[in-house]
Amino acid sequence: MKSGAKVSGSRSGGGRQKGTMRPRELAQICDRILRTKKFNDYPGARNGLQVSHGRPVRKIGWAVDADLESIQRAGKEKVDFLVVHHGVFWGDSALDRKIRARRIREAKRLGVAIYSSHLPLDAHPEIGNSAGLVRALGLERSKRKPFGKAMGREIGWKVEGGRWKRNELVRRCEGLQIAKVGKSEGVKVIEAGSKICRRIGVVTGGFGDLDQAKKAGLDTLVTGEADYPTEVKARELGINLILAGHFETETFGVRALAKLLRGTGLGPSPKHKIGL
């Protein structure tokens, strides 16, 4: 790892034996790996340990969302440290607060600690969501540089220096492993640019800032979702827009971080991936 703490082997970063690390210690390791303190984020993100317990962690799982279903499945699978991308604090209406309180109560009842990372997990150059999507698209060996600014920092990548068929990029998006498991609504494509792509922006989730795309000289933007006005704007700008699914494009980071944490010797995550 090039970032922060290095976690590997059967011991934790602090040299503790298997099964003796508690949620707060694991959360500190995650924060160092992801350099959480260097990021501003949206108010609902609240990156870090959101729900905790005082017991040693014995099983790590992952989910894109800390929704009730994911929490309950984590409890059923005896997961006691759940890594998520979207935590429990999004939304601030009366109904949002009611839903949040229920999720937290259920997590505490089941003994599931929840660690959430939003923009830091999107942006990480090795285990981040956008880096994972770059690999899934087969672009990892191409020249790339940071692209897609959110809250002051780039969370995605601009890939250039090659020639890629638009249809092949779409096919690879359709072939994402997660799309075969469930929840996929298919890939939506706005074919507004060239069939041969030379400068591609890759930003996971819901990134639709075409002003940035135009400034960067992109002919193609691959992301999870975008609103209708963005689709219309893409057509007028002549930029291909490949929308591979918000959920589908944001499984890479949580899976990679959970796998990295398994190097602490806490055993594998569930065979049935939480939240899928």
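Given the structure is predicted, the values throughout are model-derived calculations rather than measurements.

Peer 1: I'd like a rundown of unusual backbone geometry, residues and numbers included.
Peer 2: Even without glycine at this site, Arg46 takes up a positive phi of about 45°. Along the polypeptide, Arg46 turns up in the loop between helix H1 (23–34) and strand S1 (48–51). In this model, Met151 sits at a positive phi of 55°, which is unusual for a non-glycine residue. One can find Met151 in the loop between strand S5 (143–150) and strand S6 (153–165). Met151 sits in the partly exposed class, given a relative accessible area of 37%.

Peer 1: I'd like to hear about the nonpolar core, residue by residue, with values.
Peer 2: Core analysis: the biggest nonpolar cluster contains 21 residues, and Leu26, Ile60, Phe81, Leu257 and Leu261 have the highest contact counts within it. Those elements giving two or more residues to this core turn out to be H1, strand S2 (60–65), strand S3 (81–86), strand S4 (113–116) and helix H11 (252–261). In terms of residue count, H1 provides more of this core than any other element does, six residues in total. One finds Ala131, Leu137, Val170 and Ala244 within the second-largest nonpolar core, a separate group that totals 19 residues.

Peer 1: So, the pairing of S2: which residues are in play, and what are the values?
Peer 2: With respect to burial, S2 is a largely interior element, five of its six residues being buried. For S2 and S3, the ladder comprises five bridges, and the chain directions are parallel. By the bridge assignment, Trp62 is partnered in S3 with Val83.

Peer 1: Which residues make up the pattern of salt bridges, and what values go with them?
Peer 2: The final tally for this structure, using the stated rule, is nine salt bridges. One salt bridge in this structure joins Glu106 and Arg109, with 2.9 Å as the shortest N-O distance. Of this pair, Glu106 and Arg109 are both found in helix H3 (residues 94–110), three residues apart, which corresponds to roughly one turn of the helix. With a shortest N-O distance of 2.6 Å, Glu168 and Arg171 are connected by a salt bridge. With Glu168 and Arg171 both in helix H6 (residues 166–174) and three residues apart, this pair spans about one turn of that helix.

Peer 1: Report on helix H9 (residues 228–237), specifying residues and quantitative values.
Peer 2: Among all positions of H9, only Thr230, Glu231 and Ala234 are buried. The arc enclosing the buried residues of H9, seen along the axis, measures out at 105°, which places them on a common side. Residues Tyr228, Pro229 and Glu236 are exposed on H9 and point more than 90 degrees away from its buried face. Looking at the packing, one finds that the buried side of H9 touches strand S7 (188–190), helix H8 (210–215) and strand S10 (240–243). Downstream of H9 by one or two residues, Gly238 has phi in the positive range, about 75°.

Peer 1: Any chance you could break down the sheet that holds S10 for me, citing the residues and the numbers?
Peer 2: On the basis of which strands lie adjacent, the open sheet formed by six strands has the order S5-S6-S8-S9-S10-S7 and mixed pairing. Only two strands of the sheet have a single partner each, and these edge strands are S5 and S7. Strand after strand, the sheet turns through a mean of 25° between neighbouring axes, direction not considered. Sheet topology note: the strand S9 (residues 220–223)/S10 ladder contains four bridges and is parallel.

Peer 1: How would you sum up the confidence of the model for the chain? Please name residues and give values.
Peer 2: With 85% of its residues at a pLDDT of 70 or more, the chain shows a mean pLDDT of 88. Confidence over residues 267–276 falls short of pLDDT 50; this stretch has 35 contacts with residues more than four positions distant or in other chains.

Peer 1: Explain H3 residue by residue, including any values.
Peer 2: In an α-helix, one full turn covers 3.6 residues, which means residues spaced three or four apart are oriented alike. An ideal rise of 1.5 Å per residue puts 24 Å on 17 residues; H3 measures up with 25 Å between its terminal C-alpha atoms. Along H3, the residues that are buried comprise Arg100, Glu106 and Ala107. For H3, the angular spread of the buried residues around the axis is 130°, confining them to a single face. Turned more than 90 degrees away from the buried face of H3, the exposed residues are Ala94, Lys98, Arg105, Lys108 and Arg109. Following H3 by one or two positions, Gly111 has its phi on the positive side, about 75°.

What counts, and at which threshold
Residues numbered from 1 in each chain as written. Predicted model: local features only at pLDDT ≥ 70, side-chain atom pairs only at ≥ 80, totals over all residues. Heavy atoms only, no water. Helix = DSSP H or I, 4+ residues; strand = E, 2+ residues; numbered from the N terminus. Buried < 20%, exposed > 50% of the residue type's maximum accessible area, 1.4 Å probe, protein only. Core = buried A, V, L, I, M, F, W, Y, C linked by side-chain atoms within 4.5 Å. Pairing = 2+ DSSP bridges. Salt bridge = Lys/Arg side-chain N within 4 Å of Asp/Glu carboxyl O. Arc of directions from axis to C-beta. Contact = heavy atoms within 4.5 Å. Axes fitted to C-alpha atoms, helices over the stretch in contact; angles between N-to-C directions. pLDDT = per-residue confidence, 0-100. Expected span 1.5 Å × (residues − 1).

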